[in-house]
Number of protein chains: 2
Amino acid sequence: MTNDPKSYMRAALKQAEAAASLGEVPVGAVVVKNGEIISAAHNLVETNHDVTVHAEILAIRRAGEKLGSWRLDGCELFVTLEPCPMCIGAILLSRLDTLYFGAYDEKFGAVGSNFNLADSGLPRAVKVISGLMEEECSSLLTEFFEAKRRRG
Amino acid sequence: MTNDPKSYMRAALKQAEAAASLGEVPVGAVVVKNGEIISAAHNLVETNHDVTVHAEILAIRRAGEKLGSWRLDGCELFVTLEPCPMCIGAILLSRLDTLYFGAYDEKFGAVGSNFNLADSGLPRAVKVISGLMEEECSSLLTEFFEAKRRRG
């Protein structure tokens with residue numbers, strides 16, 4: 001058991017690297033409960049032909065399977081990229097306690113960059129710690145897209 | 001092939017009824033391409049212990065499987081309830097052309113009721129027809145929650 005948020009973000013980064021190796025946009029996520037990682041996932045959109053399988057959605061799904069309940073009270077989610085509207089929506093529904101994210105997403109980010117759905121007057125809200133290991137999380141994405149452009 | 005939007009909403013309502021028979025909040029959805037229903041789904045949150053399996057998410061996933069692509073250009077989605085932030089987020093990502101919904105959701109609705117993510121300045125937007133067969137869609141939900149309250 002560790003209480004160092006960076007160690008969980010490093011686990012999420014490992015997931016993101018696994019996504020990149022499949023040609024998927026490198027985003028990774030883990031769900032933590034009582035200091036233990038109970039689920040880990042990465043983006044699988046291209047592999048699965050499924051726009052809904054962002055890292056966060058899969059990590060939330062797997063955490064629910066593990067706990068035998070969709071209610072993730074007492075859990076924290078660590079994700080390398082600022083969640084989009086779909087993913088922050090799922091985070092709110094899941095009742096997760098805290099969201100940690102790394103890089104900001106100017107295009108689709110919905111937890112500060114374009115608007116903030118984490119606390120927007122809906123019946124649910126989530127505590128947010130943003131920019132954790134931002135540089136590492138963001139570099140991985142920049143390198144991925146640069147390599148993709150080079151391949152053309 | 002039919003071009004009557006109500007016939008598709010009736011198919012979504014049948015899905016919603018199937019959800020109710022499982023004790024799931026009765027919401028159903030179908031995806032239509034060239035007049036043909038290519039996927040149909042209903043809410044499965046309690047059954048699957050998975051907060052992400054709202055009707056829309058499953059209908060989008062199954063449409064992607066059927067088409068072998070996550071890109072749902074040229075498709076329309078019919079759903080009995082106004083999408084929440086997660087579901088309108090998925091709809092935007094999927095590039096669906098048009099969203100038809102029935103009942104309004106004052107609590108979590110994100111396509112007019114609380115805010116409108118269908119056209120909010122993000123790089124994607126979707127055309128929306130709201131309130132189609134609102135009464136039928138809404139009655140099903142009201143009856144479900146009344147019956148639940150009676151059972152205690």
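None of the values given here were measured: they were computed from a predicted structure. Here the residue numbering is sequential within each chain, running from 1 through the sequence in written order. Labels are handed out in written order, letters beginning with A for the chains and numbers beginning with 1 for the ligands. The model is predicted, so local features are restricted to residues of pLDDT at least 70 and side-chain atom pairs to those at 80 or more, both for listing and for counting; the totals for chains, interfaces and linings are taken over all residues. Computation of side-chain values: all heavy atoms of the structure, hydrogens and water removed.

**Digging into the side chain of A:S94**
1) Next: Relative to the elements of secondary structure, A:S94 occurs in helix α4 (residues 85-94).
2) Next: In protein, a polar contact requires one atom able to donate a hydrogen and another able to accept it; more generally it is a pair of N or O atoms within 3.5 Å, and residues adjacent in sequence count only if both atoms are side-chain atoms. In this structure the side chain of A:S94 is engaged in a polar contact, spanning 2.8 Å, whose partner is the backbone oxygen of A:I91.
3) Next: Contacts are residue-level and defined by heavy atoms, with any inter-residue pair within 4.5 Å sufficient. Excluding residues within four positions of it along the chain, A:S94 makes contact with A:I60, A:W70, A:R71, A:L72, A:D73 and B:V51. Only runs of H or I of at least four residues qualify as helices and only runs of E of at least two qualify as strands under DSSP, and these elements are numbered from the N terminus.

**Focus on the environment of B:A59**
All names here are of chain B.
1) Next: Examined against the element boundaries, A59 turns out to sit in helix α3 (residues 55-67).
2) Next: For the pair A59 and N43, spaced 16 residues apart in the sequence, the C-alpha separation amounts to 9.8 Å.
3) Next: For A59, the contacting residues outside a window of four places in its chain are A29, V31, S39 and A41.

**Some words on the relation of the copies chain B and chain A**
1) Next: Mapping chain B onto chain A calls for a screw motion: a turn of 180° about the axis and a shift of 0.0 Å along it, with 0.0 Å RMSD after fitting. One copy is carried onto the other by what is essentially a two-fold rotation axis. For chain B, the minimum C-alpha distance to the rotation axis belongs to B:M86 and amounts to 1.8 Å.
2) Next: Mapped onto chain A, 100% of the interface residues of chain B again fall at the interface, so both copies present the same surface. Here the copies were fitted onto each other by least squares, based on C-alpha atoms from residues at pLDDT of at least 70 in both.

**Comments concerning unusual backbone geometry**
All names here are of chain A.
1) Next: Positive phi, close to 65°, is recorded for R95, a residue that is not glycine.
2) Next: With respect to the helices and strands, the residue R95 is situated in the loop between α4 and β4 (98-103).
3) Next: The buried label goes to any residue with under 20% of its type's maximum accessible area, the exposed label to any with over 50%, and the partly exposed label to all in between, with areas taken from a 1.4 Å probe on protein chains only. With relative accessibility at 31%, the residue R95 sits in the partly exposed group.

**Focus: the interface of chain B and chain A**
Bring the parts together and some accessible area is lost; that lost area is often taken as the interface size.
1) Next: Every contact between the two is made by 32 residues of chain B and, on the other side, 32 residues of chain A.
2) Next: Buried area adds together the accessible area that both of two parts lose upon being put together, with accessible area traced by a 1.4 Å probe. Between chain B and chain A, the buried area comes to about 2,800 Å², and carbon and sulfur atoms account for 75% of it.
3) Next: For this analysis, a salt bridge means a side-chain nitrogen from Lys or Arg found within 4 Å of a carboxyl oxygen belonging to Asp or Glu. The interface formed by chain B and chain A contains two salt bridges.
4) Next: For the salt bridge of A:D50 with B:R61, the shortest nitrogen-to-oxygen distance reads 2.6 Å.
5) Next: Joining chain B to chain A, the criterion identifies eight residue pairs in polar contact (both at pLDDT 80 or more).
6) Next: Of all elements in the fold, only α2 (45-48), α3 and α4 (85-94) of chain B reach the threshold of two or more residues within the side of chain B that touches chain A.
7) Next: Sort the elements by how many residues they give to the side of chain B that touches chain A and α4(B) lands first, with six residues.
8) Next: Each residue is assigned to one of three groups, with Ala, Val, Leu, Ile, Met, Phe, Trp, Tyr, Cys and Pro labelled nonpolar, Asp, Glu, Lys and Arg labelled charged, and all others, Gly among them, labelled polar. Split into classes, the residues belonging to the side of chain B that touches chain A amount to 16 nonpolar, ten polar and six charged.

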